[in-house]
Amino acid sequence: MPPPTLPTSLSPHICILASPDVQQVLDGAGLPPLPEILQCFSPLPQITTRTTSLTSVPHPTFALRFSDVLEIENAVHEDEEQRAGRMMDWMGSRISQRCEKWVELLESTALDGGGKMWRDRTPWWEEVKRCVEGDQVPSSTEGWNHPVSLIVAVTTTAANPLQALQELTSRAFDFPPWVDLTSLRYFLIIHPSNSPLADPIAEALFNAVKKQYGLHSFLLPLNLPTNPLPTPVPVPALPPRLPTISSLDSPSLTPQPTGSGGTSISPAPTPPPHPASPMPHTPRPPPLTNKMAGNTPQSRVGYAGHTLRLSQDDIQQIGRFVREFVTMSLVPWMEKCVVEWNENYSSSRRLPSRLFSSTRRLFGSSSTVSSPATPTHGSSPSVSSVSSRFTHGANSSVSSITSVTSVSTIGGGTVNQQRRLAEFATILGDYKLAISVWETLRKEGRGGSDILPLLSAPSPALALHADHALSTLRGPQPRQGLPFEAPAHAQYRALVYAVRWESGVDRQDFLSSTLEGERWLVKAASSAEEPPTAILYAHAAFLSEMKNARRRAALWYLVAAEKLEKTGIKPLAMYFFRRAHDLYQNPPPKELSPSFWESEDRSPTQWEGFSAVLPAIEHELGRLLYTTGDTAAAVKYFLGLLKPSSQYGPQSHPPHGANGAVSPLLPLPSRTKVYMEDFRVAFKHFKTTEGDAWKRLQLQLPITFCQAKQTRIRFPGDAVEGDSAAWEKLEQDWAAFWSSRGKDKLGKSGKAVVNETFWVDVVLRNPLDVEVILSGLTVSVRLASDKDAETNPDFVEVEVLDDVALGAMDTRTIPVAVTCKQPAALVVTHALYDFFSLHPVKESLAVRGRRLNDTPVQRHGKVYAPDVLLQVQVEEAGQRLHAHFVDDRHLVLAQGEYKHQKVWLTNSGTRPISELWVLAGEEDEIWVDAGGGEMKESFSSPPRSEILHSPNSLAPRIPYRIPLEAIHTAPQLKPGEEVQLPFVLHAAHHGEQDLCMLFVFHEGVDAQFHCTRVTRRYEVKPILNITTSARPSASLDQMYILNVEIENLTGSSNVELKQVSTMSAVWECTSLLPPSSVEVPSHQIANLALGVSPWKSGPIASQTGEFVARKIKAVLHEETVDSSEPPPVDLICTHVAQESDVVPLQTPAVRHFIHCGRRTMTARATAAAHSHIPSRLHRAIFPLYNPSTVDIVVFWELPAQKRAGHVLLQGPTLGASHAPLREIVDAARNMKVKRSMYAETRRERAAILEAVQACEWNREDDPVAVFVKDGDVVEHDFRQGPCHVPLSFAFRNLSLTHPVRITLTLAENPVSDASGDLLPPPYAGRLMHRRVLEPSQAYTAHAKLWTTRPGCYALDSWKVETEVGEPPSPAPSPSPPAAPGDARPSQAPWRSRHLRYLQHPRADARASVTVVDIARLG
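Just so it is clear, the structure is predicted and the values come from calculations on it, not from any experiment. (Residues numbered from 1 in each chain as written. Predicted model: local features only at pLDDT ≥ 70, side-chain atom pairs only at ≥ 80, totals over all residues. Heavy atoms only, no water.)

Student: Lay out the pattern of salt bridges with the relevant residues and their values.
Tutor: Tallying each qualifying case throughout the model produces 64 salt bridges. For the salt bridge of E423 with R419, the shortest nitrogen-to-oxygen distance reads 3.1 Å. Pair noted here: E423 and R419 are both in helix α11 (residues 417-428), with a separation of four residues, about one helical turn. In this structure, D1261 and R1259 form a salt bridge, with 2.5 Å as the shortest nitrogen-oxygen distance. (Salt bridge = Lys/Arg side-chain N within 4 Å of Asp/Glu carboxyl O. Helix = DSSP H or I, 4+ residues; strand = E, 2+ residues; numbered from the N terminus.)

Student: Can you lay out unusual backbone geometry for me, pointing to particular residues and giving the numbers?
Tutor: Residue P43 follows S42 across a cis peptide bond; omega there is 5°. Mapped onto the secondary structure, P43 falls in the loop between α2 (34-39) and β2 (44-50). One non-glycine residue with positive phi stands out, namely S526, at about 55°. Looking at where S526 falls in the secondary structure, it is placed in the loop between α17 (517-525) and α18 (531-546). One non-glycine residue with positive phi stands out, namely M809, at about 55°. Positionally, M809 belongs in the loop between β15 (801-806) and β16 (811-820). Judged by its relative accessible area of 42%, M809 falls in the partly exposed class. (Buried < 20%, exposed > 50% of the residue type's maximum accessible area, 1.4 Å probe, protein only.)

Student: Give me empty space enclosed by the protein: which residues, what numbers.
Tutor: Under the counting rule described, the total for this entry stands at eleven cavities of 30 Å³ or more. Space inside the largest cavity adds up to approximately 170 Å³. Around the largest cavity sit 17 residues that line it, and E80, R83, D135, S139 and Y492 are the ones nearest its centre. Elements with a minimum of two residues in the lining of the largest cavity: α3 (69-76), α4 (80-112) and α15 (488-504). (1 Å grid on protein atoms, 1.4 Å probe; cavity = no way out; pocket = protein on both sides within 12 Å on 5 of 7 lines; lining within 4 Å. Points joined across faces, edges and corners; volume = space filled by probe spheres on them.)

Student: Explain the packing of helix α28 (residues 1102-1116) against helix α31 (residues 1222-1230) residue by residue, including any values.
Tutor: For the pair α28 and α31, interaxial distance at closest approach is 10 Å and the crossing angle is 10°. Relative to α31, the element α28 is oriented roughly parallel. For the pair α28 and α31, the contacting residues are A1109, K1113 and L1116 in the first and I1224, V1225 and A1228 in the second. Partitioned by chemical class, the residues of the contact of α28 with α31 number five nonpolar, no polar and one charged. (Axes fitted to C-alpha atoms, helices over the stretch in contact; angles between N-to-C directions. Parallel < 35°, antiparallel > 145°, perpendicular 65-115°, else oblique. Contact = heavy atoms within 4.5 Å. Nonpolar A, V, L, I, M, F, W, Y, C, P; charged D, E, K, R; others polar.)

Student: Describe the sheet that holds strand β10 (residues 712-714), listing the residues and the values that go with them.
Tutor: Within the open sheet, the four strands sit side by side as β10-β12-β16-β14. Their pairing is antiparallel. Each of the sheet's edge strands pairs with one partner strand only, and the pair in question is β10 and β14 (796-798). Mean inter-strand twist for the sheet, computed between neighbouring axes without regard to direction, equals 30°. Strand direction decides the pairing type here: β10 and strand β12 (residues 757-765), joined by three bridges, are antiparallel. Counterpart to I713 in the pairing with β12 is V760. (Pairing = 2+ DSSP bridges.)

Student: Give me the lowdown on the sheet that holds strand β48 (residues 1392-1399), citing residues and values where you can.
Tutor: Spatially, β44-β42-β47-β48 is the arrangement adopted by the four strands of the open sheet, whose pairing is antiparallel. Where the open sheet ends on each side, the last strands, each with one partner, are β44 (1328-1333) and β48. In this sheet, adjacent strand axes meet at a mean angle of 15° when their direction is disregarded. Sheet topology places strand β42 (residues 1300-1306) next to strand β47 (residues 1358-1365); seven bridges connect them, and they run antiparallel. Of the residues in β47, the one forming a bridge with L1304 is V1360.

Student: Any details on the packing of aromatic side chains? Residues and values, ideally.
Tutor: In total, this model carries 36 aromatic pairs according to the counting rule given. Ring centres of F715 and F758 lie 6.1 Å apart, and the angle between their planes is 40°; this geometry places the pair in the tilted category. Residue F715 is found in the loop between β10 and α25 (724-738), and its partner F758 is found in strand β12; the two are separated by 43 residues along the sequence. Grouping residues by exposure puts F715 and F758 together as buried. An aromatic cluster is defined as three or more aromatic residues linked by ring pairs; in this entry it consists of F679, F683, W694, F705, Y833, F835 and F836. Its end group placed over the ring of Y864, R848 keeps NZ or CZ at 4.0 Å from the ring centre. Above the plane of the ring of F885 lies R1016, whose end atom (NZ or CZ) is 5.3 Å from the centre. (Phe/Tyr/Trp six-rings, centres within 6.5 Å; stacked < 30°, edge-to-face > 60°. Lys NZ or Arg CZ within 6 Å of the ring centre and 35° of its normal.)

Student: Can you lay out the environment of D924 for me, pointing to particular residues and giving the numbers?
Tutor: Take D924: it is sitting in the loop between β23 (915-920) and β24 (925-928). Separated by 62 residues in sequence, D924 and H986 place their C-alpha atoms 7.9 Å apart. With residues near it in sequence (within four places) discarded, D924 still touches R957, D994, L995, C996 and Y1018.

Laid out in structure tokens, this is it:
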């Protein structure tokens, strides 16, 4: 390990006490005070010292620190806390005064490409170091600034040099008791050339001094003064020192002695503070030329520093003196002190002494200390009083240390003999001894942790030493969360430690991963808010940047800048903010494959930095620039901050409530709002003060509001509302409808008309989380042929909107009206607006063209087609049709209500319209009343039932051609004519709805079709809640009982139920009660019971099931599904209403609405159940009606409001089904399919198979309904014996297609239910009954009970086994019905379908029979 380099602040401190004549001689020669002259000769090169083991230690340089005793005396009495505070403030003021020049210098050198001198150091850190190293005032906590030697200086120009030397020697020093005066006294006699004493007399005087005061003396001959003055010699700049407080403010501790003449010897006046030192430029800054006040030696020359007017002979003489003083006196004396103090230290560390000291520490001492502060090592061994401690005897040229035995101090200081031993050993290079003593002091809690990192080899333990040193300074910390700032003395001592560590530890070791010394500086700075501590953060950031820890460096630059901003040092704060900004923008290294960037379509150099930090830095820079007067730069920063909130990340400053708690009720503050307000204030001020200078800034808004891809041209015939997908669907339906009828195409409405207004729908999206105001919004329009035009043509009028307010993250479509007065081809290029009426913005509305991949060059690079602009072709008016509703008020309808509407149709073109078609939305139910008739047709005797013929297809409605002659006076609609189109809207679906109607028209045959759109929004509220339930019936008159519950959901209106109709292809319903009109009050329920029986006279409905099975088989076998549609079906419709109120379902409007409603319900259910089958195939696979389903239509009326309508409900599916698709599903599951490499294909096929198996066309039900007669009461006289109770079990086959075989088994010995109150049934006679039931057949099995006592017997303990058979084949001729006992006709053998079911009595409905003993009654 190379020897450590100690900082200058750890060098020996030499105090100089000079007589007044010394300063007079120096002033006359234009020289500074003697300490400053001697300081110019430090450090000395090539000094050798010896350790306690007599090992020579070479020192390449040996630094010394010289100071005036009077200055030290004036400064040492100041309170250390006060002085530390003044020191921190003084350094802060120096930084504030010089920081602007530093920043200018660094920025200029960076622009010039230089700056090599500042690659490894910074001017602000050098300034702090020099201020700390210039502090030489002793401290009570360490002895580095305690005087090591005292040089008493006189000149031969004095009247009596010996007398002056005697007076200086006998002078009492005004030091506090804790200052250690163990020092070497040295005597210096200066013999200038103008001295009245000759050289031999001066030699004699020197010999007398040596004889009286010892050998530590020196005669220094100088050629002073000279005329002319010597050439100035450059010298190093002296470190700055804190200006001292006048000695009057801190009175002396001891009285001043008087001279021989009785006059008191007053100390020399305190010199004025040194001039502020300039910024260092090199390790030893170049000297500045000293300007002389006069040319004569007699004139007093002002000294400005950095140069000395000394001849070469005088320089050599002074240099010889300094070297002889160090090598012949100071170093030997220090070595002697170390040797003797080391003996005392070693003796105190021996085992017996340590044991005795432990005994005294544990059990106390019997002796009483006579004096609380007895001096132990001083300048005289015979000192016995405090006053004599600071007085030197006549024969005490060298302080005696032979009797020093103790390590205590006076006045509460911590500088003792062991510490002085460690400090002297450190200065002399005896690091082995020094480390051991420092370790001892550290373990005893008396310091040392701050010096050990300078002397020890790099290891992780050094960081612990540094932490311990800093924690000892600050003391115990308060609990976390409370603000804490260390006192000024602790802050200053931490700063001193940091300077020593950074200077004394090798830079490479200091920045290594083992030490991480930059963290030591941050810990030393802590949370103090002073400029020097901010410089600590800044230097830690600089060191981290050197070791390539950019993120850490940026963070510490931010902390330093924030602290400097609080103290008002803005130039340096802005510089640190910029450094942090540059570091955060520096992208981290990404070693990724080049193909990654190509696949992500990103540039490797694209890096936006840390969005959570950069905006805050830029905002602070903007505010600082604005406060310093640079408004233009501030405006640029504020404008650049207006970015989408998603790029800023989370809020860094959440709102806090009382006691720092986060309030959940307060919203997070918007940083963008602050940025916006600052931009508005700064830009408005800049425009006010600088006039048109803002135009030269070329400001660009970093965000865009216009969404070019969504901006559209809208013509008068286009609808604003409505879903664009719905309009496209209507146009596709028209194209599919007309493709088989003609070749005329539907012309797109992409042309404008002369003198007719069209609109540019500019879509504006506010990416900010604050409201913005865009004023003067308009668009730029040019001719397609004039590409360089910057203004709108004269024949084009463009609307200019005043103010457009966009809320936070809001999106709005703003129409800008454009009117062209002549045919032309126009191009919309830009959107223009003023941002908050301050900054004009021009946004392009061009959309980037598609990427080209046609040629190899295009495929290997990124080549795009030209940008796409909004183009408008303006032509003369042709065929134009305007449509709008007569009454466009907001509609609120009841569900199922009929609403009569009218649409105004106006021919605004120049050619007539002879053919007009209308298309409505897929789920919109409208009936065009072109003939002006009523919805209800008049019937003389409305039937109670009717047959409705349905195509049973899911095919969409075809467009309806409007007969113009029916609604107009002529078969053509000429230009300028208008007509009303009445229609009826059926509000079938509740919620917010959009009625979209597309009118298609043309002039005649072979003319192109045109279209216009109209939309109407309406709201539908439910009025009825209809629920149905069905159960098998025990009566032979009907197979099911269908219950319909109708609830009135209105709040205050009575709903009158005019009619309830049922529709089914298989089932016929009849009312079980007399039909009547029912009025249901608000929130009440009406019940209706219907009997359901098979429709015997209806056609066979099995064709529908066979059609579905055939199409499903094709789908599962991945075969092509043909386009054939399901066979038509006849529906039996029955009505429950008064005879005069019956509304036949054959009425065209009602039939149309029912068909549309049923198609919507079936299409939705099919799409939900079979989502993996393409919707275009649904109409070719699934029919409109399931034959087994019963649909219910409820006609209602609100008499008070004259409103009426109907509600269509898909009722229950009745009858039993027997998995008709089971064989198809099993075959598809077991068949050999093509292997697919795509897992998605296999999953889709499995999903289709599962959906088919669970669909309504593959239902599987238990076909047998069991009815046990309940509640019979049998009377019997048990005196005549037991009683036979007859029982009956009724069975009904609910299947309309398949026979079933049933087996009834009665329990022979039923087990009684202990928890029930019914007796077990004692069955007797035949206990097993078998029967085959044909479709819809009923059968009753008879059994009996053998009861021996009266009671209530439960009719349970039975089971019914059911087996489903295949339907019989069609017989060639009808056969007679089978006898009741026959199991099956002989012509149709039993074929099982392998479907079996088992039934037991229901636990919730236990049948019973009661037997009464009449003997007991009598």
